[in-house]
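In case you want the letters, here they are:
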Amino acid sequence: MSSTTGIEYEFALIDEQGYLANRAKEIIEDPLNDGSIVDESNHARVEVNSDPANTVKELHRGILPKLNLLEEICDKHDISVSTVSELGGGESQQRHDKEKWSLYIPIIGQEANDLKRRISGIHGHFSQSPNHLLEQMWLFTALDPLSYATTSTSPMLNGINEGVNCHRINATRNQMFMDYPLHAQLQPYVQSIEEINIRDNIRFNQWLNAPGTDREAFKELFKPESTGYHPIRKRDSIGETGTWEIRSFDTTPLDISLGMIALYKGCNDRITKEDIPVRISGTDGVYSFDNKEVVLPNYTTLKALETEAIKYGLMSNNVAQYLSDTLKFSSEGLPEEDLPYLTPIFGMIQTRMNPSNKIMEHLKEKGPYPNPEKAAAQGQLFMRQEYLKSLDYQPHKQQSYLEQCVGC
């Protein structure tokens, strides 16, 4: 049986010059909002959640009306949405009307919380396969570097690019949670499903017992499965079978987000439907994806790919080759109607350009800006235009991945 999939989509609110607009309350409380648009942790961000879907095409058809509704409401209020983390064009205001968001401050500190407040992402959901839980967890761990190498829209922090392609993942894993590495960093492959539960409970208890934590409030608002910013959550309480929540995608234009959902789904469905054996490589740098056996890169190799993906994106030869290998494997796990969704990902392998590269190229072409804040606002505005184009994305009317990949 194929997996079901879903998506949580976060958006930055910007004005016509590209600066952040702290007006989420107006959008969420607008009478036209049918509940599709929900609040997030700051006043310059909103979220749209899809319904579960059996195919990527179904997911696309289901979420597009919700995204168009968001456009309609925002237009009414002279606001726009952009698929980008805060680059430094204006500053969001922290929400304190929900106690959960305030509880982070005494645990990780004000500075780290300010960084956390600035990031926007996409959470992809894939249904659990009861007979392949360990293989699914291994696969999603292995695909982690590709999730942000393709989707990154965060090349700047405070209007400055410091030679990092994905500031969001860099900040989350290497800055915000340094005192709590289990809460955010990519962890070694688990050896059992029980180990996931053990890690979840450790995370929960570390924060429950952190100095300054309001213990009673924390126990009411957090659960072991949803504590922390670790890349993969096993969410048993969502859906009929439970889901895997992938939290490492940057928020990004719709064509790319659907493309990566398709890549993950194709790989997952091949392993679970075809019952392909999966193991972890015993040799650094060695992995393979085929119909007889999937050999995933070991943890040392994954950490190297993580470092290169954060710094270089798809400009890394190793990351680009890894993406190419998984793309071919994924394509054979998708129904024909979903294959065209891989086309943008194939195109990115050819150009080596992800959205972060495009932002920086756009700013370079426009010439020098008087200050970093202005440059960041222009980057946020550029991603608005890229997202708008993706709303008109019609994969089935374009040359498909398979047509482009003949002989590759």
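Report follows, based on the coordinates.

Conventions used here
Residues numbered from 1 in each chain as written. Predicted model: local features only at pLDDT ≥ 70, side-chain atom pairs only at ≥ 80, totals over all residues. Heavy atoms only, no water. Helix = DSSP H or I, 4+ residues; strand = E, 2+ residues; numbered from the N terminus. Rg over C-alpha atoms; globule rule 2.2 N^0.38 Å. Buried < 20%, exposed > 50% of the residue type's maximum accessible area, 1.4 Å probe, protein only. Pairing = 2+ DSSP bridges. Expected span 1.5 Å × (residues − 1). Contact = heavy atoms within 4.5 Å. Axes fitted to C-alpha atoms, helices over the stretch in contact; angles between N-to-C directions. Salt bridge = Lys/Arg side-chain N within 4 Å of Asp/Glu carboxyl O.

1. Considerations on the overall build of the protein
Per the secondary structure count, the protein includes 15 helices and ten strands. A globule of 408 residues ought to have a C-alpha radius of gyration of about 22 Å, and the protein, at 20 Å, matches this closely. Principal-axis analysis of the C-alpha atoms gives the protein an extent of 55 × 50 × 40 Å. The burial tally for the protein puts 60% of its 408 residues in the buried class.

2. Digging into the pairing of strand β1 (residues 5–14)
Of all ten residues making up β1, ten are buried, and the element is well covered by its neighbours. Taking every second residue as pointing to the same face, both faces of β1 are buried, with Thr5, Ile7, Tyr9, Phe11 and Leu13 on one and Gly6, Glu8, Glu10, Ala12 and Ile14 on the other. Where β1 lies against strand β5 (residues 121–127), five bridges are found, and the strand directions are antiparallel. Across the sheet, Gly6 pairs through a bridge with His125, a residue of β5. Where β1 meets strand β3 (residues 45–49), five bridges bridge the pair, whose relative direction is antiparallel. By the bridge assignment, Tyr9 is partnered in β3 with Val48.

3. What about helix α9 (residues 254–273)?
With 20 residues, α9 ought to run about 28 Å at 1.5 Å a step, and its terminal C-alpha atoms sit 27 Å apart, in line with that. Within α9, 18 of the 20 residues are buried, which leaves the element mostly enclosed by the surrounding structure. Directly beyond the C-terminal end of α9, a positive phi value near 55° is found at Asp275.

4. Thoughts on the sheet that holds strand β9 (residues 288–289)
Spatial strand order, β8-β10-β9: three strands in an open sheet with mixed pairing. Single-partner strands in this sheet number two, and they are β8 (278–280) and β9. Looking at chain direction, β8 and strand β10 (residues 294–296) are connected through three bridges and run parallel. Within β10, the position partnered with Arg279 by the bridge is Val295. Packing of helix α5 (residues 133–151) onto the sheet brings it into contact with β8 and β10, and relative to β8 it is tilted by some 55°.

5. Some points on the pattern of salt bridges
Considering all chains together, one arrives at 26 salt bridges under this definition. Where Arg384 meets Glu71, a salt bridge forms, and the shortest distance between an N and an O atom there is 2.8 Å. Taken together, the residues Arg384 in helix α14 (residues 372–391) and Glu71 in helix α2 (residues 56–76) connect sequence positions 313 residues apart. Each member of the pair Arg384 and Glu71 is classed as buried. For Arg270, the salt bridge goes to Glu274, with nearest N and O atoms at 3.1 Å. With a relative accessible area of 4%, Arg270 lands in the buried category. Relative accessible area serves as the criterion here: at 40%, Glu274 is assigned to the partly exposed category.

6. Overview of the side chain of Ser330
Position of Ser330 among the secondary structure elements: in helix α11 (residues 317–331). For Ser330, a relative accessible area of 0% corresponds to the buried category. Setting aside its immediate chain neighbours within four residues, Ser330 contacts Ala262, Leu263, Gly266, Cys267 and Leu342.

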